[in-house]
Amino acid sequence: MVFDGFPCFAAALEALVEIRYLLGENLKKRFGLVADDGGALAPALSDTPQAFELMLEAVEQAGYGGKVALGIDAAASDLYLEDRGLYKLGGREVAPAELLDYYIGLTKQYPLVFIEDPFDQDDFASFAKLTAALPGKKIVGDDLFVTNPERLRMGIEQKAGNTLLLKVNQIGTVSEAYDAGMLALQNGYAVTVSLRSSDTNDSFIADLAVALGAEQIKLGSPVEGERNAKYNRLLKIEAELGTAARFAGSGAGG
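This text gives an overview of the structure that appears in the document.

A few words on unusual backbone geometry. Residue alanine 75 is not a glycine yet carries a positive backbone phi of 45°. One can find alanine 75 in the loop between strand S4 (68-73) and strand S5 (80-81). A positive phi angle, near 60°, is found at lysine 159, a position not held by glycine. Note that lysine 159 resides in the loop between helix H5 (149-158) and strand S10 (163-166). Since its relative accessible area comes to 64%, lysine 159 is described here as exposed.

What follows covers the pairing of strand S8 (residues 112-116). Extensive coverage of S8 is indicated by the burial of four of its five residues. Strand direction decides the pairing type here: S4 and S8, joined by four bridges, are parallel. The partner of isoleucine 72 across the bridge, within S8, is isoleucine 115. Sheet topology note: the S8/strand S9 (residues 138-141) ladder contains three bridges and is parallel. Looking at the pairing, isoleucine 115 lines up with isoleucine 139 of S9.

This next bit is on the environment of alanine 209. Looking at where alanine 209 falls in the secondary structure, it is placed in helix H8 (residues 204-212). What makes alanine 209 buried here is its relative accessible area of 6%. Each C-alpha atom, one on alanine 209 and one on glycine 181, is 9.5 Å from the other, the two residues being 28 residues apart in sequence. Look past the residues within four positions of alanine 209 in its chain and what remains in contact with it is Val193, Ala214 and Ile217.

Moving on, we come to the packing of helix H1 (residues 9-31) against helix H9 (residues 225-241). Relative to each other, H1 and H9 sit at 150°, their axes nearing to 9 Å. Taken as axis vectors, H1 and H9 run roughly antiparallel relative to one another. Listed contacts from H9 to Phe9, Ala10, Leu13 and Leu16 of H1 are Tyr231, Leu234, Leu235 and Glu238. Among the residues making up the contact of H1 with H9, the classes are represented as seven nonpolar, no polar and one charged.

In total, this model carries 10 aromatic pairs according to the counting rule given. Members of the aromatic cluster, each reached through a chain of ring pairs, are Tyr80, Tyr87, Tyr102, Tyr103, Phe119 and Phe127.

Another point: H9. Taking 1.5 Å of rise per residue, the 17 residues of H9 would be expected to cover 24 Å, and the 24 Å separating its terminal C-alpha atoms lies within 8% of that figure. Residues of H9 that are buried: Glu226, Arg227, Ala229, Lys230, Tyr231, Leu234, Ile237 and Glu238. Where H9 is buried, its residues meet H1, H8 and strand S12 (216-218). Trailing H9 by a residue or two, glycine 242 shows a phi angle of about 60°, which is positive.

Analysis parameters
- Residues numbered from 1 in each chain as written.
- Predicted model: local features only at pLDDT ≥ 70, side-chain atom pairs only at ≥ 80, totals over all residues.
- Heavy atoms only, no water.
- Helix = DSSP H or I, 4+ residues; strand = E, 2+ residues; numbered from the N terminus.
- Buried < 20%, exposed > 50% of the residue type's maximum accessible area, 1.4 Å probe, protein only.
- Pairing = 2+ DSSP bridges.
- Contact = heavy atoms within 4.5 Å.
- Axes fitted to C-alpha atoms, helices over the stretch in contact; angles between N-to-C directions.
- Parallel < 35°, antiparallel > 145°, perpendicular 65-115°, else oblique.
- Nonpolar A, V, L, I, M, F, W, Y, C, P; charged D, E, K, R; others polar.
- Phe/Tyr/Trp six-rings, centres within 6.5 Å; stacked < 30°, edge-to-face > 60°.
- Expected span 1.5 Å × (residues − 1).

What follows is the structure, encoded as structure tokens:
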């Protein structure tokens with residue numbers, strides 16, 4: 001979920017906690033025991049629209065309708081059939097053009113504003129086509145850019161994506177990650193700082209996101225210690241900044 005309709009980070013985080021709790025309770029009532037992986041809920045759903053409907057239901061139930069948008073991490077490299085140049089989608093195999101139309105359709109039907117890794121990590125051309133087709137939406141490169149300035153330059157040249165997902169561990173050093181973030185910002189790309197899988201309770205990336213002026217931070221559901229460490233650090237930073245704090249929006253999965 002993407003929280004942009006709030007006056008401050010603290011208010012957005014409070015909304016996220018409420019929505020995540022209600023979503024969990026609703027899923028228990030409908031599906032019984034639901035798998036939970038790092039705070040991510042994984043009920044047996046039929047398709048992506050059903051997931052969107054359930055999330056938006058919780059948003060409305062919490063009283064935040066119109067203030068919360070949706071985001072997805074398609075991780076399309078895992079769906080790509082390299083030998084045939086096709087993608088797996090809902091039990092079918094589809095060409096890149098059909099998958100592109102699928103994403104466009106989702107944005108028309110739902111408040112979907114953040115699409116991460118919609119195509120294979122080397123499919124710069126399809127990333128560029130989707131970016132052109134959806135102005136105003138964040139087309140995000142994680143596997144595409146891997147926080148690598150050289151990969152990012154390739155994307156900038158081809159107008160593939162418009163947002164860098166920044167993970168320090170992908171490139172190896174803080175300075176290189178910072179350079180990638182600055183390169184993105186200098187070329188009109190947004191930056192979303194992200195924690196990594198199996199992260200620790202270290203909260204450094206919260207400071208990094210603020211230092212870069214990143215529009216969003218991707219931390220997931222606030223139910224795990226390593227995620228809460230970053231959320232708590234951001235709360236502290238906002239309190240320390242006081243009236244100088246500027247909230248640009250927080251990307252978080254619920």
